[in-house]
Amino acid sequence: MEKEGIAQSAISAFESTFNSLVSGNTGIIPEDTISPVPELVHADGITAQPDSNLLAETVVLKLNGGLGTGMGLDKAKSLLEVKNGDTFLDLTAKQVMCMRKEFGQNVKFMLMNSFSTSDDTLEFFRTKYPNLAAEEGLEMLQNKVPKLCAKTYEPAVCESDPSNEWCPPGHGDLYAALIGSGRLDALLEGGYKYMFVSNSDNLGATLDLKILTHFATTDASFMMECCERTENDKKGGHLAVRNSDKHLILRESAMCADEDEPAFQDITKHRFFNTNNLWIRLDKLKEIVDKFGGFIPLPMIMNSKTVDPKDDNSQKVVQLETAMGAAIECFDGASAIVVPRTRFAPVKKCNDLLLLRSDAYIITEDFRPVLNPACGGVAPIIDLDSKKYKLVGALEEATANGAPSLVDCKRLKIKGKVRLGRSTRFVGNVSITNTSDEAKYVCGKIEDKDLDISDEVGLGALKPTVVPSAPIDGQQPGTSGLRKKTKVFMSENYLNNFVQSVFDAVVAGGTNVSDGTLVVGGDGRYFNNEAIQTIIKMGVANGVKRFWIGENGLLSTPAVSATIRERGPVWQKAFGAFILTASHNPGGPDEDFGIKYNTQNGGPAPEYLMQATYANTKSIKSYKICNDFPDIDITKVGATYITAEDGSTSVVVEVIPSTQSHVNLLKTIFDFDAIKALLDRPDFTMVYDSMHGVNGPFAKSVFVDELGQDESVLTNHIPKDDFNGGHADPNLTYAKDLVKTMGLDRTGNKIDVEGPIPSFGAAADGDGDRNMILGTQFFVTPSDSLAVIVANADCIPFFKSQGGLKAVARSMPTSGAVDLVAKELNLDFFETPTGWKFFGNLMDSKAIFKGKDYTPFICGEESFGTGSDHVREKDGIWAVLAWLNILAANNPDPSKPLVTVEDIVKKHWQTYGRNYYCRWDFDVPDAAAANAMMDKMRANTESNTGRVVGSYTIATADDFRYVDPVDGSVAAKQGIRFLMSDGSRVIFRLSGTAGSGATIRMYIEQYETEKLDMPVAEALKELTRIALDLCDIKTFCGTETPTVIT
């Protein structure tokens, strides 16, 4: 505990409970040692006039350390939705703001989070309630204690997840945390005298000025709020009087012997239970702490668990806990007060959650959930099948169509699996039984009935099947999703496991997949269509009600983003998408396949969601699929409706025109009339190579259907599941037919060709998000392409009509050409790691993160990716149209000679200088060797800094690290950089897009302002040799010959 930096107060408290354990103390309080509590003061009978002056001396603290693991949660329980879209924390925050408004002063508010809930909670407040998040002292962190082996009492071990070796020490840790954090002393120094404490899942516990005044005027040192026990409370703890010293004490269920259970549950004998709403005199607490040497000795509670809460077969452990209410026995002059049920509305089980979500509870104007007056002052008794509805996920499935009406219900007992909805109304005493293995639908008014629904019809084709599975190694997604060999994806459960893991992560993140639409499509590679059918069937089983599927299964990656963002109506808006692509990697049964998930902003899933997905793949035990759901004919545009046999729900799968949303968006961005005028010039010709990828239909829609060009301007525009045996990567090596047509070789040098050479050439990759731009015998590097588009952005209506660009960004390996433009045009500029998600954060800085608005925005990567904030992916056809719009703007008069691609680029060089630049790709089969090479360079960064190599001096050698200016996240190990004193750069990184082996990428760059027409290889000759020596790739990987040179 000392090694973990745990405070001495917490160590002392644990030592006290541990000593109690090993001494044989079980923590049991026998019935014959206690007596019932006599009559208590009732809050309704308080006559003292409320004194608002006490508020300046009062702090409100919410206990927020619980994960709700007993209900199947693995995040802060307080982030669970309670009612009308609000979580516990939403309602708590609104209560605080309402309280401050009501009392006219800034009553101090605090949270005690645990090590498990802190990050989620603080992120929630930063995002939704930034003013509260910014307050000094908002969080106090609960301590942690080791779980103990049930046999030896030694610290437990969990090799699969060492964090499972620790647990919170119960809410009795409040006192140790106040002491160890220094907050107790700070509060006393700040003039605070009274603290009101309650659980975050008890939304009825708000600061009551009348009760505060009573506490202060009675001069009690400690006061517990109690309620009178009902049948619903009989298994919970109760207040009692200890016979030996007549002190008030708290007896929890774990402190009761089996033989005393009847007396423990006798609500006529032990009438009062602890609501865990406590009032504490901070000065008296300080006296007790000092008396006992820095802690409060609370009674031990021993709970038997497993070290991994999700694995019943893991090591048996005991967790030592204490209850904060038990401190009542430590305070001389402690008291208790009976409060109305309106101050007690906790959620401990799914029974409580269902009741709270139903119409039996309403939310008041000050954001408290209170029993609906129509219930007559008595809450319905809910008894859900404890085996079927122990976990929140099961309740969510049962109430996917809404919570039932319980306002007129007295008692509801459910045995077996059911499905309920807003149309379900329970009246009086109702019992529902279902002995079948399928959840059956209960609808309409059910009044005073014992109903057996076992033989009722079910979901039919919409019935989900739970298929046992087990973790499969190697399912950690990279920056572009999960990519493997096609046959790996086709192996048993591989795709299913990953898809289920995504669904589980998405739902856990707060997305209701039953609302809105799931988009599915891909680049048409081998296994695309079969995977789509699997995803549809699994989506239905996981609650998805509406799908948009690209016609023929085809949707380019930017088109998916456009569909998510643009397609309506609003009530059908997409919540996310599965994209089936391995981008520019080869396709076919022996090649690569991939899958990625995009979220509702249209961009790739954020890091936290992919980490959650990966964690799920390592612990998955089953997946859900509707095996009887029919295959959808994805070759025909139209909707297929499938309705459950019991009529309870339906699913619609709509096959949509693949190009529609994207092309319609592009038409609003560019001046299509000006582009058409350019294309119609007799001295202008073009060719667009889609490399048999998904881009073909989009190119045809834009250039043939919209711009009226002959289909001959398109080549390789029919999608093939193996890209016609080619490598659909738009670069000088793989787009060899186009490169030859444009009069160049694979190094970008001019060659002799027969016949006329087109004025403009472009290529797309497999999923349509990359581009290559060529002029007549002239290659435009991706870095120069980005810089030229930024410099000429005002030629494009999308940017000009919004007042011009505000910001630009490039990936770290991309050349610094755009940096010079950004500086000249006074634009915000960002250098990010490789990965479009980093650009997406900048684009969404204002909309999602409430930060600075950087849009309109242009960004790009040296790997032939360029785009803007119109979507949240790079967009190949967007870049092609951007260039054509720029060419059109530079050629307004068709009678004058054509201003060419080469003319525009060379004019740019004359203005800004030239960044000579190239990238060498080494596809190596041994990923371990590639990593060893990178590790060696990483280890030598310090010794290489200042080193002279040839005619260059290495000013800095480092491993690029990025702190996101929008969300504060950190990306480390993003590439080895050698920054020369003259501004030249050598960079090495491992690509995350290879399906197997590894791709080492070596980048060489040198800036020139005078020698602008040198061959690239000649300009970079010395620096290239230096780069090869610095990495020593020949030793590690056996080659110095690149697979591709760009």
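Scoring rules and cut-offs
Residues numbered from 1 in each chain as written. Predicted model: local features only at pLDDT ≥ 70, side-chain atom pairs only at ≥ 80, totals over all residues. Heavy atoms only, no water. Pairing = 2+ DSSP bridges. Helix = DSSP H or I, 4+ residues; strand = E, 2+ residues; numbered from the N terminus. Right-handed = clockwise from strand over helix to strand, strands pointing away. Axes fitted to C-alpha atoms, helices over the stretch in contact; angles between N-to-C directions. Contact = heavy atoms within 4.5 Å. Phe/Tyr/Trp six-rings, centres within 6.5 Å; stacked < 30°, edge-to-face > 60°. Buried < 20%, exposed > 50% of the residue type's maximum accessible area, 1.4 Å probe, protein only.

Engineer: Run through the sheet that holds strand 1 (residues 34-35), naming residues and quoting values.
Structural biologist: An order of 1-13-14 is seen for the three strands of this open sheet, with the pairing classed as antiparallel. The sheet is open, and its two borders are formed by strand 1 and strand 14 (248-251), each paired with just one other strand.

Engineer: With reference to specific residues and values, describe the pairing of strand 21 (residues 381-384).
Structural biologist: Of the strand pairs in this sheet, strand 21 and strand 22 (residues 409-415) are connected by four bridges, and their pairing is parallel. When the sheet's bridge partners are listed, I382 is paired in strand 22 with L412. Note that the unit made of strand 21, helix 11 (residues 392-398) and strand 22 has a crossover that is left-handed.

Engineer: Report on the sheet that holds strand 30 (residues 517-522), specifying residues and quantitative values.
Structural biologist: Strand order in the open sheet formed by seven strands is 29-33-32-30-31-36-35, with mixed pairing between adjacent strands. The sheet terminates laterally at strand 29 (482-485) and strand 35 (638-643), the two strands that pair on one side only. The mean inter-strand angle of the sheet, taken between neighbouring strand axes irrespective of direction, is 15°. Bridge count for strand 30 against strand 31 (residues 546-554) is four bridges, and the pairing is parallel. When the bridges of strand 31 are listed, V519 appears paired with W548. The sheet contacts of helix 13 (residues 494-508) involve strand 29, strand 30, strand 32 (574-580) and strand 33 (592-599), and relative to strand 33 the element is tilted by about 10°.

Engineer: Can you tell me about the packing of aromatic side chains, naming the residues and giving the values?
Structural biologist: Throughout the structure, instances matching the rule amount to 24 aromatic pairs. Measuring from centroid to centroid gives 5.0 Å for F222 and F331, while their planes differ by 35°, and the two rings are tilted. Separated by 109 residues along the polypeptide, F222 in strand 12 (residues 222-228) and F331 in the loop between strand 17 (316-321) and strand 18 (335-338) bring together distant segments of the chain. F331 carries the same exposure label as F222, and that label is buried. Between Y688 and F703, the aromatic rings sit 5.7 Å apart at their centres with planes inclined by 85°, giving edge-to-face as the arrangement. With Y688 in strand 37 (residues 686-689) and F703 in helix 19 (residues 695-706), the pair connects residues that are 15 residues apart, well separated along the chain.

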